[in-house]
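Chain by chain, the residues:
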Amino acid sequence: MADAPVPHPSFPVLAERGGTQLRTPCATVLVDTREQNPFDLSRFGGWFAGVEKKALKLGDYSIAGLEDVCVVERKDLSDLVHSLTTERAILVNRLKKMSAFPINCW
């Protein structure tokens, strides 16, 4: 079941501002070139314009054009334990940089 495709929404999500519907283009997901085991986004066909590998300044994933305001730092359990112990200072530094972004979703 985890590998099953995730169906594309039957109709696009439309934001409204002052009674006017705003259409946004499909985003391109960016995956950091240093990500050793990237998340497989193939199940989400149609959700994104594409997936590209790019060296990101911060984080493992972002959206093209929003690299300075939107990042995701992904950790599996072993990486999290390593980051909280051996490389704690590096993780704390990354979190400080991420906290400076305009929107924080903790």
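Predicted model, so just to flag it, every value in this text is computed and none were measured. (Residues numbered from 1 in each chain as written. Predicted model: local features only at pLDDT ≥ 70, side-chain atom pairs only at ≥ 80, totals over all residues. Heavy atoms only, no water.)

(A) Broad picture of the overall build of the protein. The secondary structure content of the protein amounts to 2 helices and 6 strands. Start at the N end of the protein and walk to the C end: the helices and strands fall as β-β-β-β-β-β-α-α. Buried residues in the protein amount to 17% of all 106 residues. Of the roughly 8,200 Å² that the protein leaves accessible, carbon and sulfur atoms contribute 59%. (Helix = DSSP H or I, 4+ residues; strand = E, 2+ residues; numbered from the N terminus. Buried < 20%, exposed > 50% of the residue type's maximum accessible area, 1.4 Å probe, protein only. Areas by Shrake-Rupley, 256 points an atom, 1.4 Å probe, with all protein chains shown as cover.)

(B) Spotlight on the pattern of salt bridges. In the structure shown here, the tally under the stated rule is 7 salt bridges. A salt bridge links K54 to E67, with the shortest nitrogen-to-oxygen separation between them at 2.7 Å. One end of the pair, K54, is in strand β4 (residues 50-54); the other, E67, is in the loop between β5 (61-63) and β6 (71-72), and 13 residues separate them in sequence. Salt bridges here are not isolated pairs; linked through shared partners, they connect E73, K75, D79 and R94. (Salt bridge = Lys/Arg side-chain N within 4 Å of Asp/Glu carboxyl O.)

(C) Highlighting the layout of surface pockets. Approximately 580 Å³ is the volume attributed to the largest pocket. Lining the largest pocket are 23 residues, with R34, E35, D60, E73 and D79 sitting closest to its centre. Looking at the lining of the largest pocket, the elements with two or more residues in it are α1 (77-84) and α2 (88-99). Classifying every residue of the lining of the largest pocket gives 4 nonpolar, 6 polar and 13 charged. (1 Å grid on protein atoms, 1.4 Å probe; cavity = no way out; pocket = protein on both sides within 12 Å on 5 of 7 lines; lining within 4 Å. Points joined across faces, edges and corners; volume = space filled by probe spheres on them. Nonpolar A, V, L, I, M, F, W, Y, C, P; charged D, E, K, R; others polar.)

(D) Focus on the side chain of D60. Inspection of the secondary structure assignment puts D60 in the loop between β4 and β5. There is a polar contact of 2.8 Å between the side chain of D60 and the backbone nitrogen of R74. (Polar contact = N/O pair within 3.5 Å; in protein donor to acceptor, adjacent residues only side chain to side chain.)

(E) Geometry of the side chain of D32. Along the chain, D32 falls in strand β3 (residues 28-32). Polar contacts involving the side chain of D32 include one to the main-chain amide nitrogen of L56, which spans 2.6 Å.

(F) A look at the sheet that holds β6. Strands sit in the order β4-β3-β5-β6 across an open sheet of 4 strands; the sheet is mixed. On the outer flanks of this sheet lie β4 and β6, each paired with one strand and no other. One ladder, built from 5 bridges, connects β3 with β4; its direction is parallel. Pairing of V31 across the sheet is with K53, part of β4. (Pairing = 2+ DSSP bridges.)

(G) View of the environment of C26. Relative to the assigned elements, C26 resides in the loop between β2 (20-22) and β3. Accessibility expressed as a relative area gives 47% for C26, which makes it partly exposed. Excluding its chain neighbours within four sequence positions, the residues that come into contact with C26 are G46, W47, F48 and A49. (Contact = heavy atoms within 4.5 Å.)

(H) Representation of the confidence of the model for the protein. For the protein, mean pLDDT is 83; residues scoring 70 or higher make up 81% of the total. Looking at the elements of the protein, mean pLDDT is at its lowest for strand β1 (residues 15-17), recorded as 68, and at its highest for β3, recorded as 95. (pLDDT = per-residue confidence, 0-100.)

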